[in-house]
Amino acid sequence: MSEMVKMHAVQAINAALHEAMEADEKVLVLGEDVGDKEGGGITGITAGLSTKFGDDRVKSTPIAEQAIMGAAIGAAMAGYKVVAEIMMMNFTTVAMDMIVNHAAKLRFMSGGQTSVPIVIRTLTGAGWQTAGQHSDFLEGWFAHVAGIKVVCPAFPADYKGLMLSCIQDPDPCIFIEAGGTFFIPNDVPDDQGPIPLGKANVVQEGSDVTIVTWSAQTIRTMAAAEAIAEAGISAEIIDLRTISPWDKETVLASVEKTGRLLVAHEASRNFGPGGEIAATVSEELFGKLKAPVKRLGGPTCAVPFAKNLETAFIVQPEDIVAAVKEMMA
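Parameters at a glance
- Residues numbered from 1 in each chain as written.
- Predicted model: local features only at pLDDT ≥ 70, side-chain atom pairs only at ≥ 80, totals over all residues.
- Heavy atoms only, no water.
- Pairing = 2+ DSSP bridges.
- Helix = DSSP H or I, 4+ residues; strand = E, 2+ residues; numbered from the N terminus.
- Axes fitted to C-alpha atoms, helices over the stretch in contact; angles between N-to-C directions.
- Contact = heavy atoms within 4.5 Å.
- Buried < 20%, exposed > 50% of the residue type's maximum accessible area, 1.4 Å probe, protein only.
- Parallel < 35°, antiparallel > 145°, perpendicular 65-115°, else oblique.
- Left-handed = near helix turned anticlockwise from the far one by under 90°.

Draft legend 1. The arrangement of the sheet that holds strand β4 (residues 81-88) in detail. With mixed pairing, seven strands are arranged side by side in an open sheet as β3-β2-β4-β5-β7-β6-β12. At either margin of the open sheet sits one strand with a lone partner, and together these are β3 (58-60) and β12 (242-244). Taking the axes of each pair of neighbouring strands and ignoring which way they run, one obtains an average angle of 20° across the sheet. Across five bridges, strand β2 (residues 27-31) lies against β4 in parallel orientation. Each residue of the ladder has a partner; that of G31, found in β4, is E85. The sheet contacts of helix α1 (residues 9-23) involve β2, β3, β4, β5 (118-124) and β7 (173-178), and relative to β2 the element is tilted by about 135°.

Draft legend 2. Up close: the pairing of strand β11 (residues 235-239). With five of five residues buried, β11 is to be regarded as a mostly interior element. With burial as the criterion, each face of β11 is covered, one bearing A235, I237 and D239 and the other bearing E236 and I238. Sheet topology places strand β10 (residues 209-213) next to β11; five bridges connect them, and they run parallel. Each bridged residue has a counterpart across the sheet, and for V209 the counterpart in β11 is A235.

Draft legend 3. Quick look at the packing of α1 against helix α7 (residues 156-168). In the contact formed by α1 and α7, the axes pass within 8 Å of each other and the chain directions differ by 30°. Here α1 lies roughly parallel to α7, going by the angle between them. Handedness of the crossing formed by α1 with α7: right-handed. Here A9, A12, I13, A15, A16, L17, E19 and A20 of α1 lie close against α7, whose contacting residues are P156, Y159, K160, M163, L164 and I167.

Draft legend 4. Spotlight on the side chain of K160. Along the chain, the position of K160 falls in helix α7. With a relative accessible area of 3%, K160 lands in the buried category. For K160, the residues in contact, after removing those within four places along its chain, are A12, A15, A16, E19, V188, D190 and Q192.

Shown next, in the form of structure tokens:
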């Protein structure tokens, strides 16, 4: 019987990397400052890895995102499983050619002969006053690209289990780490194994309205749950965990039960992943909905630096409560 260990997301990812590297000598880690001589990453996620597994398997790189991705793709094609860190998600734009035109497409363009088993770890999220070039949730960009899996954990157990699955996956995975989830301790089974990609987690069952969310927005949605319940509304909250592929079956089953759907995410509302989910539910459950599907997301602007404006940018718990009440009315 497994025992629970209290840890936060940073510790959970570190534990997953340790386990994967112990189990398979072909697992490598690349990225800026990932080695212990450089501090084990800006948040300490890779701390201890280079000391334990050596500098040949844990490589600190120059500040060159395209080179990091090129090296990761080449190593993956040669039989390695590479966990490559792009320090901030906005910096993936520097390596988009490597990610989209090479990593994502090599399986297709080789007729299935070449796989690219890489995990692209990247940090993002508003709320830390890191401003417009360090805070964007760009999951919708990558979900649009065939050949890439997009993963957005919220809780420590999911961080560990989904990282283990990503490392084992034969195709590229974007592993999005949200600063707003990092240092919230929670229970993780001491034998936590891989969690299947594409499988959502129903974190709260309900009968009146379905709220679909992910990453840091899951934390804010859970903060709204008590006020929603006090209003006499039974909300089912689904943490999607994986954006591509997303768990359509779980979402449709929930909305068929409740008749109402609210999708909340931190990324810009316009052209965001919530639009795809809303469209799918509207197509599949037309005539069964008790209210129009509603979406909450960030405004179409860069993430502000000023704290009051940054707070206004983020979908807050009170915004979720107000939206649910409006749907019930």
